[in-house]
Amino acid sequence: MLKIVVFDSGWGGELVADFLMRELTTVEVVRVIDWVRAPYCGKSVEEIYELVDLNLQRFIGNVDLIVLGGYAASLALGYLREKYPQQKFVGMSINYDMVLRSRNFPGQVVLLMDRLTSESELRQELRMTLPYSTLIIPDCTGWEELINENLMTEEILRRDLGSDFILAIPQRRRQRMDSDELSFDDIATQVIVKKPKIFNEKEQALRMAIAKFSQASKAAVADEHQLVEKMTDEILETERRGNWQPDVILLLNTHFWEIKLELEEIFGYKVRVLDFREKLLHDVCAALKLRGVHGKRAK
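So, here is what we can say about the structure in this document. (Residues numbered from 1 in each chain as written. Predicted model: local features only at pLDDT ≥ 70, side-chain atom pairs only at ≥ 80, totals over all residues. Heavy atoms only, no water.)

**Overview of the nonpolar core**
Inference 1: In terms of nonpolar packing, the biggest core is built from 37 residues, with Leu20, Ile94, Leu126, Leu250, Leu252 and Val284 touching the most fellow members.
Inference 2: Elements supplying a minimum of two residues to this core: β1 (3–8), α1 (11–23), β3 (65–68), α4 (96–101), β5 (108–112), α6 (121–129), β7 (248–251) and α12 (277–288).
Inference 3: Per-element accounting of this core gives the leading share, 6 residues, to α12.
Inference 4: The residues contacting Ile94, other than those within four sequence positions of it, are Tyr71, Val99, Leu122, Leu126, Leu252, Phe276 and Lys279.
Inference 5: Formed by 22 residues, the second largest nonpolar core is a distinct cluster that contains Tyr40, Leu56, Ile60 and Leu116. (Core = buried A, V, L, I, M, F, W, Y, C linked by side-chain atoms within 4.5 Å. Buried < 20%, exposed > 50% of the residue type's maximum accessible area, 1.4 Å probe, protein only. Helix = DSSP H or I, 4+ residues; strand = E, 2+ residues; numbered from the N terminus. Contact = heavy atoms within 4.5 Å.)

**So, the pattern of salt bridges**
Inference 1: Counting across every chain of the model gives 11 salt bridges.
Inference 2: Here Glu14 and Arg31 are joined by a salt bridge, their closest N and O atoms 2.6 Å apart. Of this pair, Glu14 sits in helix α1 while Arg31 sits in strand β2 (residues 28–33); the two residues are 17 residues apart in sequence, bridging distant segments of the chain.
Inference 3: Take Glu14: its relative accessible area is 14%, and that puts it in the buried class.
Inference 4: One salt bridge connects Lys83 with Asp53, and the closest N-O pair in it is separated by 2.5 Å. Placement of Lys83 in helix α3 (residues 77–83) and of Asp53 in helix α2 (residues 45–56) is noted, with a sequence separation of 30 residues between them. (Salt bridge = Lys/Arg side-chain N within 4 Å of Asp/Glu carboxyl O.)

So this is what it looks like as structure tokens:
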């Protein structure tokens, strides 16, 4: 059986390993996650080289392939290939054809990446390959740590991105009455219909009390709806302070695979959110000379 190692720092490596295990069921996947020194985004490129080399020493020459499961860790790809030419390595990369086909003309492209990756040669590669697109790099400081600790939420994403981008309106669940429950108006109507035309004093008092209670309930619901509308308007006004309306969002940090659904929700259906896990799978299969795996499993 073929054997591969997936290496990264933090939850991004776990996501990559899980993905490859699902797609490559006949391949043994060994995950090596450097949780002790995670995350790598705050380190220098030289430190990345040293840490990646240190963690992978025992696997060099003993496995069929080593996968660098993060964009920061992949900065050491050239260094590793040069130092260990007998070992096969695969790192994270970008499918530019997929980016260009995502829109007729991707005018504004958001790059969600950590500081180290944004200052690397990858940024220059993006600039040269997408010369007619405006590249936007928001501040993602602290996102990796939050994802590692399972603390990242849609509210945090809206707070961090809302000042720069026009976000979609948050979906708010409104309370709806179940079909099998009766409203106060229904109760009052039933009292009126079922009783004879002549009521005694107690029945009239009960009838009036129900009617007043129904009116008070309607007023409370109306006030609640007005409050919700006001809060929604305030959120929209706050979010529209930013004037960026991206066409495509690129997840250039494998940690961010975990929040892809949240990003799709807050940016809306018109914005494509892309990761490149299929490109990674293609590169892994090419390195292992596997055929018939395309990364598009039946849902």
